[in-house]
Amino acid sequence: MNQKLSGKRIIVGISGGIAAYKSVELVRLLRKSGAEVQVLMTPDAHRFVTPLTLGTLSEREVLTEIFPPNQTGSWTKHVHLGLWADLMIVAPATANTLSKLVTGVCDSMLTAVALSARCPMMVCPAMDHDMYEHASTRDNLSTLRERGVAVMDAPEGLLASGLTGKGRLPEPEDIAERAAGLLADHSPTQAGPRVLVTAGPTRESLDPVRYITNRSSGTMGFEIARAAQRMGCRVTLVAGPTALETPEGVTRVDVETAREMHAAVLAHRDADVIVMAAAVADYEAASVSRDKIKKADGDLVLQLSRTPDILRELGARRTDDQVLVGFALETRDAEKGALKKLHGKNVDWIVLNNPTEEGAGFGPGTNKVTLYGRDGRVEPLPVMSKADVALAILGFVEPGVKRPG
Ligand SMILES: Cc1cc2nc3c(=O)[nH]c(=O)nc-3n(C[C@H](O)[C@H](O)[C@H](O)COP(=O)(O)O)c2cc1C
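Given the structure is predicted, the values throughout are model-derived calculations rather than measurements.

Q: Just checking my understanding: could you explain the sheet that holds strand E17 (residues 349–353) for this structure?
A: Across a sheet, strands are paired by hydrogen bonds formed along the backbone, either parallel or antiparallel in direction. In spatial order, the strands read E12-E11-E8-E13-E16-E17-E19-E20; together these eight strands make up an open sheet with mixed pairing. Two strands in the sheet have a free side with no partner beyond their single neighbour: strand E12 (251–254) and strand E20 (378–380). In this sheet, neighbouring strand axes are inclined to one another by 15 degrees on average, regardless of whether the strands run parallel or antiparallel. Looking at chain direction, strand E13 (residues 273–276) and strand E16 (residues 323–329) are connected through four bridges and run parallel. Looking at the pairing, Ile274 lines up with Leu324 of E16. Sheet strands in contact with helix H10 (residues 258–267) are strand E8 (194–199), strand E11 (234–239), E12 and E13, and its direction is about 175 degrees off that of E8. The strands touched by helix H12 (residues 334–344) within the sheet are E16, E17 and strand E19 (369–373), with E17 carrying the most contacts at an inclination of about 155 degrees.

Q: I'm lost on unusual backbone geometry in this one. Help?
A: Negative phi characterises most residues that are not glycine, and trans characterises most peptide bonds. At the junction of Ala91 and Pro92, the peptide bond is cis and its omega measures out at -5 degrees in the coordinates. A positive phi angle, near 60 degrees, is found at Glu59, a position not held by glycine. Within the fold, Glu59 resides in the loop between helix H2 (51–58) and helix H3 (77–84). The phi dihedral of Asp333 falls on the positive side, at around 45 degrees, and the residue is not glycine. Looking at the secondary structure, you find Asp333 in the loop between E16 and H12.

Q: Can you help me understand the packing of aromatic side chains in this one?
A: Remark: the centre distance and the inter-plane angle together describe each pair of aromatic rings, the angle taken between the planes. Summed over the entire model, instances satisfying the criterion amount to one aromatic pair. Over the ring of Tyr132 we find Arg138; its NZ or CZ atom is 4.7 Å from the centre of that ring. Positioned above the aromatic ring of Tyr283 is the side chain of Arg306, whose terminal nitrogen or guanidinium carbon lies 5.7 Å from the ring centre.

Q: Would you explain the sheet that holds strand E3 (residues 87–93) in this entry?
A: The parallel open sheet is built from five strands, whose spatial order is E2-E1-E3-E4-E5. Two strands lie at the open edges of the sheet, namely strand E2 (36–41) and strand E5 (150–151), each paired on one side alone. Docked against the sheet, helix H1 (residues 20–32) engages strand E1 (9–14), E2 and E3, running at close to 175 degrees with respect to E1.

Q: Would you explain the nonpolar core in this entry?
A: The nonpolar side chains of soluble globular proteins are, as a tendency, buried together. One finds Leu40, Met88, Val123, Ile224 and Ile393 to be the most contacted residues of the largest nonpolar core, which totals 63 residues. Ranked by residue count, the leading element in this core is helix H13 (residues 386–397), at eight residues. If sequence neighbours within four positions are ignored, Met88 has contacts with Ile11, Leu40, Leu110, Val113, Ala114, Cys119, Pro120, Met121 and Met122. Val12, Ile14, Met41 and Leu183 belong to the second largest nonpolar core, which has 33 residues in total.

Q: Even after reading the chapter, I still don't get the site of the ligand, so can you show me in this structure?
A: Taken together, the neighbourhood of the ligand is formed by 14 residues, with Gly16, Thr42, Thr94, Ala95 and Thr97 sitting nearest. Between a nitrogen atom of the ligand and a main-chain N or O atom of Ala126, the distance comes to 2.9 Å. Out of a free accessible area of 650 Å², the ligand has 65% covered by protein chains. Counting residues per element, the shell around the ligand draws most heavily on helix H4 (residues 95–103), at three residues. Its residues placed into classes, the shell around the ligand shows six nonpolar, seven polar and one charged.

Q: Explain the domain arrangement of the chain to me, please; I cannot follow it from the model alone.
A: Split into domains, the chain comes out as domain 1 (3–185) and domain 2 (194–400). Measuring from the centre of the C-alpha atoms in domain 1 to the corresponding centre in domain 2 gives 38 Å. At the junction of the two partners, domain 1 supplies nine residues and domain 2 supplies nine residues. Carbon and sulfur atoms supply 56% of the area buried between domain 1 and domain 2, which totals about 930 Å² over both sides. The largest share of the area that domain 1 buries against domain 2 comes from Arg9, His80 and Leu83, three residues that together contribute 51% of it. Taken together, the connections running from domain 1 to domain 2 amount to one salt bridge. Across the salt bridge formed by Arg230 and Asp86, the nearest N and O atoms sit 2.7 Å from each other. Across the domain 1-domain 2 interface, the total number found is two residue pairs in polar contact (both at pLDDT 80 or more).

Thresholds applied
Residues numbered from 1 in each chain as written. Predicted model: local features only at pLDDT ≥ 70, side-chain atom pairs only at ≥ 80, totals over all residues. Heavy atoms only, no water. Pairing = 2+ DSSP bridges. Helix = DSSP H or I, 4+ residues; strand = E, 2+ residues; numbered from the N terminus. Axes fitted to C-alpha atoms, helices over the stretch in contact; angles between N-to-C directions. Contact = heavy atoms within 4.5 Å. Phe/Tyr/Trp six-rings, centres within 6.5 Å; stacked < 30°, edge-to-face > 60°. Lys NZ or Arg CZ within 6 Å of the ring centre and 35° of its normal. Core = buried A, V, L, I, M, F, W, Y, C linked by side-chain atoms within 4.5 Å. Buried < 20%, exposed > 50% of the residue type's maximum accessible area, 1.4 Å probe, protein only. Near = heavy atom within 4 Å. Polar contact = N/O pair within 3.5 Å; in protein donor to acceptor, adjacent residues only side chain to side chain. Areas by Shrake-Rupley, 256 points an atom, 1.4 Å probe, with all protein chains shown as cover. Nonpolar A, V, L, I, M, F, W, Y, C, P; charged D, E, K, R; others polar. Domains from an automatic or database assignment. Buried area = accessible area lost by both parts, 1.4 Å probe. Salt bridge = Lys/Arg side-chain N within 4 Å of Asp/Glu carboxyl O.

Below is the structure:
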């Protein structure tokens, strides 16, 4: 078991070679070490090992086709996976798949993700000795090396063809060990853009024991912070009251009220990207009672006053280089509300979600959002886990960011 693999997100791409059976063991080893594993198989890999075995061991659906039958609205999956992963391993890499990786052929989920992945990539070629030594294969491998892909040389030994020579797939333990080394070498340097994220509800006191709040769990904002950190960004997370754990490597600033969130956001607004995912209270008590409000006969009328509009203020003070993203939660006239916020508050993107829609809403689990861009783009996303929604949002937003240096 390798500690360095724990918590890492690894794509294992399997192409159609006889050594595919060893990838089953590789997936098991990676899972045992605490890594999350997404298996991608070429269509021909199905002839050698079953998706059922790999799906069971990885505890995730194995993906093969870019256009899966009976599925709509998930065309961006290859992009999300490319952002999700910390490492992509192709083992075994057939001569055929190697040539596709070199020329950019994009005809299956494996080859599509390989093109969009931002993480380090490692290939483990495995084939008959003569195929391995062929000039095409040698050229393809050296091209991949030149592009920064880690190539594990195929060890010598008895091959499935009955010949002896180079072309075997390295043992799964050795592949896992090399993967751990690569992940350690590529641990994010956090030299990427500075990202400020807000998350969670706010709590507005009425008296020393009571407050007004909302149903936000903070999950969406925390997932955005986690995903941005994994992409190498320097992330500050301003969080309202929530029990969620701070994502690794993220600087967290805890606040309680809308006024505290306002102050914390302004103090940290010098960021390249600001994503305002928090559900900030629009109203606070006009005056907070020093003592507990006593029960009395008859009704109690509370007077509430407006809290500062943080997004509007950020929009007014923004620089041209900054990317500003707001969230809109609407239950009626949703699109109208989102567009009003987009233009009225001078932001680049509004992420609209309607908690009454199926698959959307508060708490862990899934969300369903539509992104509205200042340039007129409208990007409806299917129901996805909040972690995937976070990746998708950053995928749209982050290309607009000027990188340091
Ligand atoms: C029994 C059998 C074993 C094979 N083993 C290998 C192999 O180890 N390496 C390889 O590069 N191709 C091997 N091939 C050829 C590939 O399966 C073939 O090129 C296929 O199209 C690869 O598709 P893919 O790269 O999309 O998975 C084998 C073919 C057969 C019939």
